[in-house]
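Breakdown of the fold
One-letter residues, chain by chain:
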Amino acid sequence: MTKPKALFEYLIRHADDTLILGQRLSEWCGHGPILEEDIALTNIALDLIGQATELYEYAAQVENKGRTADDLAFLRLEREYKNVLLVEQKNGDFGKTIVRQFLFDNFQLLNYTQLLNSSDAQVAAIAEKSLKEVKYHLKHSSEWVIRLGDGTEESHQRIQESVDDLMRFVEELFFQNEVNELLQEDKLIGDCEEFKQQFHQNVNNVLTEATLTIPDIKYHQKGGRKGIHSEHMGFLLAEMQYMQRTYPGMQW
Amino acid sequence: MTSEISVEQVWNYLKDVKDPEVPVLTVVDLGIIRNVELNGTECLVTITPTYTGCPAMRVIENDIIERLSKEGLRTEVKTTLSPAWTTDWITQDGRDKLEGYGIAPPQDEVDKSVLFAEPTVVPCPLCKSKNTRLVSQFGSTACKAHYQCNDCKEPFDYFKCLK
Ligand SMILES: [Zn+2]
């Protein structure tokens, strides 16, 4: 594998993470439990799709085959999407959406912080810009984890179920293979093992504050980084790609 | 063209371009114009986004091109991400205009730990009371949070601090 190919793959992974989670969150538009949260979730969706745009644009430039950011976002097949399984999981109730967001925000915070030191100026710039947004997202999701976990009996029980369900997807956030090794040689990216312990500590601190139990995960579910997705992904793509598949090249 | 246009003049023309979502602010007040380069009637304006997904950026880009075309300039707008925009770049003039418009301007605050920090004290833009409460960290646009005044009961937008 060449280095531009590795960089393209790396950018696509993270662009897909943000796009797919942005798509999921935008499903809340008009359905939030209260107006403020309807607005919050769609604001976060907007930030994530904005980050995806930056990452896809740079990926398109690195690939240099004439594909645009829109082509990458809307005209690939399911197997070509490399997002982690966590982000494609269905919204469930508000608490489940919050837990999914909380886990992803924690990863993004540490990953973007590490990428600030990237030897690639554009990667560092995207990280710098995105990090400012992620800090807000994490504050929001953490506060809700605590409010629901340390809330009523029902909110506690329901968010605990979501934690128990979603923790098996966490390990995949730290997926690394030869793509990462190649890019680490030139310090384009760092080794995410370096902040894995910090991640778990940060997550556990909030879960403990929220009076929630940290589940002991025996089996980690993975596949997204290799293009093997859960059954939810096809439905998500069908909706997201509908317009471009039906009216190719459509703009407004 | 009758006479040469200077870079300073271009900056002045840009003061006519408003933020479509906060129309009281110009793009110059907002601090998103990073650079202006002139080469005869060709102009290159470099801007930086406030938020990555801000839908206003495309509109702003077109408005800049349109405004400068009135002066006979052919403009290209380039976007740069680094250094990343912060609310520190909003001019004092811009802050005053925001407050007059009913949006509380960003309050300077040190970047404390992200979590569990007390919400910033934001004075009410209407009655100036400091007895206000955060309703939601997210408001009507990406750049705003939602507050309410406990004294005069006015609900208001806060142009949140981004550093
Ligand atoms: Zn007031």
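As shown above, the structure is provided for reference.
Residues numbered from 1 in each chain as written. Chains lettered and ligands numbered in written order. Predicted model: local features only at pLDDT ≥ 70, side-chain atom pairs only at ≥ 80, totals over all residues. Heavy atoms only, no water.

The secondary structure content of chain B amounts to four helices and seven strands. Helices (α) and strands (β) of chain B occur, in sequence order from the N terminus, as α-α-β-β-α-β-α-β-β-β-β. With the C-alpha coordinates of chain B rotated into their principal frame, the extents come out at 60 × 30 × 25 Å. Here chain B holds 163 residues, and 47% of them are scored as buried. Residue pairs at least 24 apart in sequence account for 54% of intrachain contacts in chain B once pairs closer than 6 positions are excluded. Accessible surface, chain B: about 7900 Å² in total, of which carbon and sulfur atoms supply 48%. Averaging the positions of the 18 positive and the 24 negative side-chain charges in chain B gives two centres separated by 4 Å. (Helix = DSSP H or I, 4+ residues; strand = E, 2+ residues; numbered from the N terminus. Buried < 20%, exposed > 50% of the residue type's maximum accessible area, 1.4 Å probe, protein only. Contact = heavy atoms within 4.5 Å. Areas by Shrake-Rupley, 256 points an atom, 1.4 Å probe, with all protein chains shown as cover. Lys, Arg positive; Asp, Glu negative; His and termini not counted. Charge placed at Lys NZ, Arg CZ, Asp CG, Glu CD.)

Listed as interface residues are 27 residues of chain A and, on the opposing side, 29 residues of chain B. Counting each side, the surface lost to burial between chain A and chain B is near 2500 Å², with a carbon and sulfur contribution of 63%. Of all residues in chain A, Lys129(A), Lys132(A) and Tyr136(A) give up the largest surface area on contact with chain B, accounting jointly for 29% of the area buried on that side. If you look at where chain A meets chain B, you find zero salt bridges. (Buried area = accessible area lost by both parts, 1.4 Å probe. Salt bridge = Lys/Arg side-chain N within 4 Å of Asp/Glu carboxyl O.)

This paragraph deals with the coordination of the zinc ion. All names here are of chain B. The protein atoms donating to the zinc ion are Cys124 (SG), Cys127 (SG), Cys149 (SG) and Cys152 (SG), with metal-donor distances spanning 2.3 to 2.4 Å. Site description for the zinc ion: donor spacing in sequence, C-x2-C-x21-C-x2-C. On the criterion of sequence distance, the pair formed by Cys127 in the loop between β4 (103-104) and β5 (132-136) and Cys149 in strand β6 (residues 144-149) is long-range, its members being 22 residues apart. According to the relative accessible area criterion, Cys127 is partly exposed, its value standing at 35%. (Donors = N, O, S within 2.8 Å, 3.2 Å for Na, K, Ca; no water.)

The next thing to look at is the side chain of Glu88(A). Residues and elements named next belong to chain A. Here Glu88 is to be found in helix α4 (residues 85-88). Salt bridges are absent for the buried Glu88, whose nearest opposite-charge side chain, Arg24, sits at 7.3 Å. Separated by 2.7 Å, the side chains of Glu88 and His229 make a polar contact. Residues in contact with Glu88, not counting those within four places in the same chain, are Ile20, Arg24, Asn83, His229, Ser230, His232 and Met233. (Polar contact = N/O pair within 3.5 Å; in protein donor to acceptor, adjacent residues only side chain to side chain.)

Further remarks concern the sheet that holds β5(B). All names here are of chain B. If you walk across this open sheet you meet the four strands as β4-β7-β6-β5, and the pairing is mixed. Two strands lie at the open edges of the sheet, namely β4 and β5, each paired on one side alone. Relative to strand β7 (residues 155-159), β6 runs antiparallel, the two being bridged by five bridges. Note on β7: the bridge partner recorded for Lys144 is Phe159. (Pairing = 2+ DSSP bridges.)

Our focus in this paragraph is the packing of aromatic side chains. All names here are of chain A. In this structure the tally under the stated criterion is nine aromatic pairs over all chains. Ring centres of Trp28 and Phe94 lie 6.2 Å apart, and the angle between their planes is 85°; this geometry places the pair in the edge-to-face category. Of this pair, Trp28 sits in the loop between α1 (3-26) and α2 (35-63) while Phe94 sits in helix α5 (residues 94-115), placing them 66 residues apart in sequence. Of the two residues examined, Trp28 and Phe94, each falls in the buried class. Relative to Phe199, the ring of Phe174 lies with its centre 5.3 Å away and its plane at 75°, an arrangement referred to as edge-to-face. Here Phe174 is found in the loop between α7 (153-166) and α8 (178-185), whereas its partner Phe199 is found in helix α9 (residues 196-209), with 25 residues between them in sequence. (Phe/Tyr/Trp six-rings, centres within 6.5 Å; stacked < 30°, edge-to-face > 60°.)

Let's shift gears to a nonpolar patch on the surface. Where nonpolar side chains cluster on the molecular surface, the patch consists of Tyr242(A), Met243(A), Tyr247(A), Met250(A) and Trp252(A) and spans about 650 Å² of accessible area. Judged by its relative accessible area of 33%, Met250(A) falls in the partly exposed class. (Patch = residues over 30% accessible without salt bridge, like charges linked within 9 Å, V, L, I, M, F, W, Y side chains within 5 Å.)

Residues and elements named next belong to chain B. Ordered by their spatial adjacency, three strands build an open sheet running β1-β2-β3, and the pairing between neighbours is mixed. The open sheet terminates on both sides in strands that have one partner only, identified here as β1 (33-39) and β3 (74-79). Mean inter-strand twist for the sheet, computed between neighbouring axes without regard to direction, equals 15°. Two strands pair when backbone bridges link them, and β1 and strand β2 (residues 42-47) are joined in this way by six bridges, in the antiparallel orientation. Following the sheet pairing, Leu38 is matched in β2 by Cys43. Here helix α1 (residues 7-14) sits on the sheet and contacts β1 and β2; the angle it forms with β1, its principal contact strand, is near 130°. (Axes fitted to C-alpha atoms, helices over the stretch in contact; angles between N-to-C directions.)

Two side chains with opposite charge may pair up if their charged atoms get near one another. All names here are of chain A. Summed over all chains, the structure comprises 23 salt bridges over all chains. Note that Asp17 is salt-bridged to Arg225, the shortest N-O span being 2.9 Å. Taken together, the residues span a long stretch of sequence, with Asp17 in helix α1 and Arg225 in the loop between α9 and α10 (232-246) at a distance of 208 residues. Accessibility assignment for this pair places Asp17 and Arg225 in one class, buried. One connected set of salt bridges, linked through shared partners, spans Lys3, Glu185 and Asp186.

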